[in-house]
Amino acid sequence: MIRWHLGAGMQCLVSVREAYCTDPGCEGFTTEIRIVHLGLREIHTTVHKPIADVTEGDIAAIL
């Protein structure tokens, strides 16, 4: 989904991982997304849902 939203031909590194949130205000799992463009511009964000529950709307809001 991330690569589709970035567009065809976009050269970058994409990392997506699920982690358990240890913050008292956060419940359960979160999805950490990191995008590094070749010009070293970085987007790093967290979606407060398990990876299986992340939607295209969540990705569109990030990008």
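Here is a short report on the structure shown in this document. (Residues numbered from 1 in each chain as written. Predicted model: local features only at pLDDT ≥ 70, side-chain atom pairs only at ≥ 80, totals over all residues. Heavy atoms only, no water.)

A look at the overall build of the protein chain
The test is simple: Helix and strand labels come from DSSP, where a helix needs a run of H or I of at least four residues and a strand needs a run of E of at least two; each type is numbered from the N terminus. Any two residues whose heavy atoms approach within 4.5 Å at even a single point are treated as in contact. Calculation of accessible area relied on Shrake-Rupley with a 1.4 Å probe; when residues are assessed, cover is drawn exclusively from the protein chains displayed.
When its secondary structure is counted, the protein chain shows two helices and three strands. Its helices and strands in sequence order give the protein chain the pattern α-β-β-β-α, from N to C terminus. Principal-axis analysis of the C-alpha atoms gives the protein chain an extent of 40 × 20 × 15 Å. In the protein chain, the proportion of contacts linking residues at least 24 apart, taken out of those at least 6 apart, comes to 29%. A total of about 4,500 Å² of accessible surface is found on the protein chain, and carbon and sulfur atoms cover 53% of it.

Brief notes about the environment of glycine 39
Here is the rule: Accessibility here uses a 1.4 Å probe with only protein chains present; expressed as a share of the type maximum, an area under 20% marks a residue as buried, one over 50% as exposed, and anything in between as partly exposed.
In this fold, glycine 39 is placed in the loop between strand E2 (29–37) and strand E3 (42–47). On the basis of relative accessibility, which here comes to 72%, the residue glycine 39 falls in the exposed class.

Let's talk about the packing of aromatic side chains
To be explicit about the condition: Between 30 and 60 degrees the pair is tilted, below 30 it is stacked and above 60 it is edge-to-face, where a pair is any two Phe, Tyr or Trp rings, Trp via its six-membered ring, whose centres lie within 6.5 Å.
All chains considered together, the criterion is met by one aromatic pair. Measuring from ring centre to ring centre gives 5.3 Å for tyrosine 20 and phenylalanine 29, while their planes differ by 85 degrees; the resulting arrangement is edge-to-face. On the basis of relative accessible area, phenylalanine 29 is assigned to the partly exposed category, the value being 40%.

So, the side chain of threonine 30
Following the sequence through the fold, threonine 30 ends up in strand E2. Once residues within four sequence positions are removed from consideration, threonine 30 is found in contact with Arg17, Glu18, Ala19, Cys21, Thr46, Val47, His48 and Lys49.

Overview of the pattern of salt bridges
Convention followed: Basic side-chain nitrogens of Lys or Arg form a salt bridge, by our definition, when they fall within 4 Å of a carboxyl oxygen of Asp or Glu.
Tallied over the full model, the rule gives three salt bridges. Note that arginine 34 and glutamate 42 form a salt bridge whose closest N and O atoms lie 2.9 Å from each other. The class for arginine 34 is partly exposed, based on a relative accessible area of 39%. When its relative accessible area of 42% is taken as the criterion, glutamate 42 is described as partly exposed.

Focus: unusual backbone geometry
The backbone of leucine 40 sits at a positive phi, close to 70 degrees, despite the residue not being glycine. Its relative accessible area of 71% is what places leucine 40 among the exposed residues.

Comments concerning the nonpolar core
Short version of the rule: Here, nonpolar core means buried Ala, Val, Leu, Ile, Met, Phe, Trp, Tyr and Cys residues that are tied together by side-chain atoms lying within 4.5 Å of each other.
In terms of nonpolar packing, the biggest core is built from nine residues, these being Ile2, Leu6, Cys12, Ile33, Ile35, Ile43, Val47, Val54 and Ile59. Listing elements by their share of this core, those giving two or more residues are helix H1 (2–6), E2 and E3. Residues in contact with isoleucine 2, not counting those within four places in the same chain, are Val14, Val16, Ile33, Ile35, Ile59 and Leu63.

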